[in-house]
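Overview (structure and organization)
Each chain, written out:
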Amino acid sequence: MLLYALPKIMIICLISTLLIECTIAFILGIRNKKDILNVLLVNVLTNPILVASTTLIKVFISIKAYHIAMPIFEISAFLIEGFIYHKCLTHRKINGFLLSLILNVCSYFLGIVINNIIW
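Here the structure is a predicted model, which means the values were calculated and not measured. (Residues numbered from 1 in each chain as written. Predicted model: local features only at pLDDT ≥ 70, side-chain atom pairs only at ≥ 80, totals over all residues. Heavy atoms only, no water.)

A word on the packing of aromatic side chains. All chains considered together, the criterion is met by two aromatic pairs. With centroids separated by 6.5 Å and ring planes inclined at 70°, the aromatic side chains of F78 and F97 adopt a geometry described as edge-to-face. Here F97 lies in helix α4 (residues 96-118) and F78 lies in helix α3 (residues 63-88), a separation of 19 residues in the sequence. A centroid spacing of 5.2 Å and a plane angle of 85° characterise the contact between Y108 and F109, whose relative ring orientation is edge-to-face. Lying over the aromatic face of F26, R31 brings its terminal NZ or CZ to 3.9 Å of the ring centre. Between K58 and the ring centre of Y66, over which it is positioned, the NZ or CZ distance is 4.4 Å. (Phe/Tyr/Trp six-rings, centres within 6.5 Å; stacked < 30°, edge-to-face > 60°. Helix = DSSP H or I, 4+ residues; strand = E, 2+ residues; numbered from the N terminus. Lys NZ or Arg CZ within 6 Å of the ring centre and 35° of its normal.)

Time to look at the environment of G82. Within the element layout of this structure, G82 appears in helix α3. Take G82: its relative accessible area is 0%, and that puts it in the buried class. Placed 10 residues apart in sequence, G82 and I72 show a C-alpha to C-alpha distance of 15 Å. With residues near it in sequence (within four places) discarded, G82 still touches G96, F97 and S100. (Buried < 20%, exposed > 50% of the residue type's maximum accessible area, 1.4 Å probe, protein only. Contact = heavy atoms within 4.5 Å.)

Right, let's talk about α3 for a bit. Since the α-helix turns once every 3.6 residues, residues separated by three or four places project in the same direction. The terminal C-alpha atoms of α3 lie 36 Å apart, and with 26 residues this matches the ideal 38 Å at 1.5 Å per residue to within 8%. Where α3 bends most, the angle comes to about 25°, and this point is A69, followed within four residues by the proline P71. By the burial criterion, the buried members of α3 are Y66, A69, M70, E74, A77, E81, G82 and Y85. Buried residues belonging to α3 abut α1 (6-27), α2 (33-60) and α4. Its side-chain oxygen 3.4 Å from the backbone nitrogen of K64, S62 forms the N-cap of α3. (Expected span 1.5 Å × (residues − 1). Bend = angle between axes of the 7 residues up to and from the residue. Polar contact = N/O pair within 3.5 Å; in protein donor to acceptor, adjacent residues only side chain to side chain.)

Between α1 and α4, the least distance of the axes is 9 Å, while the angle of their chain directions is 135°. Judged by the inter-axis angle, α1 sits oblique to α4. Seen along the crossing, α1 lies across α4 with a hand that is right-handed. In contact with I12, S16, T17, I20, E21, I24 and A25 of α1, α4 contributes I102, L103, N104, C106, S107, L110, G111, I114 and I118. Taken together, the residues that form the contact of α1 with α4 break down as 10 nonpolar, five polar and one charged. (Axes fitted to C-alpha atoms, helices over the stretch in contact; angles between N-to-C directions. Parallel < 35°, antiparallel > 145°, perpendicular 65-115°, else oblique. Left-handed = near helix turned anticlockwise from the far one by under 90°. Nonpolar A, V, L, I, M, F, W, Y, C, P; charged D, E, K, R; others polar.)

Written as structure tokens, this is what we have:
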């Protein structure tokens with residue numbers, strides 16, 4: 001992969017993540033516009049950092065380092081997002097950390113499927 005493709009990869013990953021996670025959040029009963037906006041903004045914060053960091057690790061270090069870094073970054077994103085959801089969402093039927101886990105697992109695995117279709 002060449003580095004000039006990073007912006008395209010980041011945009012595709014962010015849009016995919018936003019569509020998947022907002023759809024799953026809606027399915028889980030999150031209907032408040034402020035809560036949906038929170039899901040959007042949290043992912044705008046965490047997703048580009050995760051995608052850029054792991055992609056740069058893959059390009060400049062090694063695929064082995066990428067496979068080590070990916071779970072660390074994903075767990076970090078889950079914890080950061082879970083904490084923000086726990087503190088900020090008005091929807092209280094589901095714990096913020098559980099919501100984060102569900103959304104991240106869905107977007108991660110659907111992202112793999114989408115990635116295999118696109119690339």
